[in-house]
Amino acid sequence: MASFEIIGGKRLKGDIYPQGAKNEALQILCAVLLTPEPVTIHNVPDIIDVNKLIELLKDFGVKVEKTGESTYLFEAKNVNIAFLETDSFKKKAAALRGSIMILGPLLARFGKAKMPKPGGDKIGRRRLDTHFLGFEQLGAKFSYDSGDSFYQIDASNLKGCYMLLDEASVTGTANVVMAAVLAKGKTTIYNAACEPYLQQLCSMLNRMGAKISGIGSNLLTIEGVDSLGGTAHTILPDMIEIGSFIGMAGMTSSEVTIKNCRIDMLGIIPTIFRRLGIKMEFRGDDIHIPSQDSYEIETFIDGSILTISDAIWPGFTPDLMSIALVVATQAKGSALIHQKMFESRLFFVDKLIDMGAQIILCDPHRATVIGLNKQIPLRGIQMTSPDIRAGVALLIAALSANGKSTIHNIEQIDRGYQNIDTRLNALGAEIRRIS
Ligand SMILES: CC(=O)N[C@H]1[C@@H](OP(=O)(O)OP(=O)(O)OC[C@H]2O[C@@H](n3ccc(=O)[nH]c3=O)[C@H](O)[C@@H]2O)O[C@H](CO)[C@@H](O)[C@@H]1O
Ligand SMILES: C=C(OP(=O)(O)O)C(=O)O
């Protein structure tokens with residue numbers, strides 16, 4: 001288990017480039033299974049989850065060639081579907097959440113697929129009903145073997161239909177869309193998730209020959225086609241990383257410019273950090289955050305305490321709630337952080353409380369933060385990262401804290417943030433990786 005040792009209290013300065021988006025990459029990589037033709041993907045982040053998925057594709061016989069620093073060429077001409085039956089598949093597919101999205105493409109192209117219970121963060125119950133209910137409506141047969149925790153789906157012929165998704169699940173929508181593009185006839189998906197990741201996936205599929213309309217809305221219409229061809233695709237900058245850097249700059253009183261952000265795709269993210277008091281300036285497609293000795297949380301118009309809650313897109317992404325919470329700890333004012341979508345994502349606040357933050361955990365979903373207005377700095381402690389975003393929130397807290405902090409289990413951070421220590425050290429941070 002590797003750790004970070006952080007000497008906090010330093011102001012950072014300089015430019016930082018966001019990596020390609022983890023959660024988009026996971027969808028896009030799965031989509032290469034939909035065609036025997038070559039697919040080029042640019043801006044692929046070099047992170048544990050993505051690298052594990054690339055390995056899994058190779059295991060299925062997909063030809064993978066790294067043709068540039070962050071560019072890969074994939075060719076799923078000879079897919080070895082028998083790999084599904086191996087112990088190696090069970091082990092590797094269970095190691096990350098994103099692998100679940102190979103189901104839709106395998107079902108569409110080869111008529112069957114299976115999946116062990118997928119990995120990912122332990123942040124509360126993470127059900128998969130949307131995926132399988134969607135496949136069933138397209139005509140697939142679903143079975144679950146509780147003995148070895150395998151989900152199995154089979155279909156010789158998928159048929160388009162109207163469906164109202166059980167919930168607007170991000171990976172669930174991606175899976176059903178990827179199954180429906182090669183189904184016979186028209187599929188209408190209502191209550192579809194519409195995150196930028198999905199917009200990107202649908203646009204890519206259309207370039208491959210799919211016929212998807214309604215992209216960016218919660219009503220997608222898909223006219224099935226017989227086959228898809230190759231394409232090239234560029235992954236967006238990671239909006240969660242961008243939000244994390246905005247929060248980090250505010251919390252550490254640093255002057256940071258986040259380069260090439262695709263601000264048009266960030267939705268409400270900048271607005272939420274502005275409401276927490278962080279000043280920022282859009283300079284073309286860069287976000288410049290000036291050094292701020294203090295920042296003040298807005299109240300609602302009626303004077304009541306600001307509530308920040310997550311919601312499906314275009315609401316505030318749950319993946320930035322831990323960052324918003326940590327930012328609030330050093331603000332002037334108070335905020336209620338209401339994590340609606342996950343059940344166990346707020347428990348990491350114990351560590352922040354140990355560092356000196358004033359937080360009342362009201363229940364598993366809500367925490368009230370009383371900001372310290374940078375009058376009392378957090379103090380460095382030893383802690384363990386419970387999940388990817390809490391891990392980065394703790395890293396930000398440690399960067400702002402007095403003294404030395406140690407964060408254990410940083411594999412959780414590495415699965416989603418590329419060389420985060422090196423990139424932040426280039427801005428003046430002092431983070432040492434201990435393996
Ligand atoms: C690999 C990947 O892409 N992971 C992301 C994906 O996970 P994933 O696709 O697994 O998450 P889902 O969108 O399925 O659901 C997330 C949580 O929200 C709940 N829910 C969802 C929709 C809804 O209308 N109501 C509701 O309560 C679900 O029950 C679940 O607890 O989307 C999540 C939600 O943005 C992100 O946190 C994850 O980082
Ligand atoms: C929860 C996340 O990832 P995963 O779905 O892979 O667990 C995340 O990216 O914040």
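Predicted, not measured: the structure shown is a model, and the values here were computed from it.

A. Quick peek at the site of ligand 1. Close to ligand 1 lie 18 residues; Asn23, Ser169, Val170, Thr171 and Met341 are nearest. Among the secondary structure elements, those contributing two or more residues to the shell around ligand 1 are α1 (22–31) and α6 (170–180). With three residues, the single largest contributor to the shell around ligand 1 is α6. Within the shell around ligand 1, the residues separate by chemical class into seven nonpolar, six polar and five charged. Both of domain 1 (3–19 + 237–434) and domain 2 (22–234) provide at least three residues apiece to the shell around ligand 1.

B. View of helix α12 (residues 388–400). An ideal rise of 1.5 Å per residue puts 18 Å on 13 residues; α12 measures up with 19 Å between its terminal C-alpha atoms. Burial of α12 is extensive: 13 of the 13 residues sit out of reach of the surface.

C. Here's a closer look at the domain arrangement of the protein chain. By the assigned domains, the protein chain splits into domain 1 (3–19 + 237–434) and domain 2 (22–234). Once you take the C-alpha centre of each, domain 1 and domain 2 turn out to be 31 Å apart. The interface is formed by 18 residues belonging to domain 1 together with 16 residues belonging to domain 2.

D. Broad picture of the sheet that holds strand β15 (residues 281–283). What the four strands build is an open sheet, ordered β2-β14-β16-β15; its pairing is mixed. What marks the edges here is a single partner per strand, and that holds for β2 (13–16) and β15. The sheet shows a mean angle of 20 degrees between the axes of neighbouring strands, direction not considered. Pairing analysis gives three bridges linking strand β14 (residues 255–258) to strand β16 (residues 286–289), with the strands arranged antiparallel. Its bridge partner lying in β16, threonine 257 is registered against histidine 288.

E. Inspection of helix α4 (residues 103–110) at higher detail. Burial within α4 is extensive, with seven of its eight residues counted as buried. Those residues of α4 that sit buried are Leu103, Gly104, Pro105, Leu106, Leu107, Ala108 and Arg109. Residues of α4 that are buried in the fold lie against α1, β6 (112–116), α5 (129–137), β8 (150–154) and α6. Phi turns positive, to about 80 degrees, at glycine 111, one or two residues after α4.

F. Structural view of the site of ligand 2. Near ligand 2 you find Lys22, Asn23, Arg97, Gly98, Gly120, Asp121, Asp319, Ile388, Arg389 and Gly416, and these make up its full shell. Listed by contribution, the elements that provide at least two residues to the shell around ligand 2 are α1 and α12. When grouped by side-chain class, the residues that make up the shell around ligand 2 number one nonpolar, four polar and five charged. Split by domain, the residues of the shell around ligand 2 number at least three in each of domain 1 (3–19 + 237–434) and domain 2 (22–234).

G. Examining the nonpolar core more closely. Counting residues in each nonpolar core, the largest one holds 141 residues, and the members touching the most others are Leu107, Val177, Val181, Leu276 and Ala324. Among the elements that make up this core, the one with the highest residue count is α12 (ten residues). Residues within four places of leucine 276 in sequence aside, it is in contact with Tyr295, Ile297, Ala324, Val327, Ala328, Ala331 and Ala335.

H. Spotlight on the pairing of strand β10 (residues 186–190). In β10, alternate side chains face the same way, and those of Thr187 and Ile189 are buried while those of Lys186, Thr188 and Tyr190 on the opposite face are not. Of the strand pairs in this sheet, strand β9 (residues 162–164) and β10 are connected by three bridges, and their pairing is parallel. The residue bridging methionine 163 from the neighbouring strand is isoleucine 189, located in β10. Note on the crossover from β9 through α6 to β10: the handedness is right-handed. Note that β10 and strand β12 (residues 219–223) share five bridges and pair antiparallel. Bridge pairing links threonine 187 to isoleucine 222 in β12.

Reading the values: the criteria
Residues numbered from 1 in each chain as written. Chains lettered and ligands numbered in written order. Predicted model: local features only at pLDDT ≥ 70, side-chain atom pairs only at ≥ 80, totals over all residues. Near = placed C-beta within 6 Å. Helix = DSSP H or I, 4+ residues; strand = E, 2+ residues; numbered from the N terminus. Nonpolar A, V, L, I, M, F, W, Y, C, P; charged D, E, K, R; others polar. Domains from an automatic or database assignment. Expected span 1.5 Å × (residues − 1). Buried ≥ 20, exposed ≤ 12 C-beta atoms within 10 Å, placed from the backbone. Contact = placed C-beta atoms within 7 Å. Pairing = 2+ DSSP bridges. Axes fitted to C-alpha atoms, helices over the stretch in contact; angles between N-to-C directions. Core = buried A, V, L, I, M, F, W, Y, C linked by C-beta atoms within 7 Å. Right-handed = clockwise from strand over helix to strand, strands pointing away.

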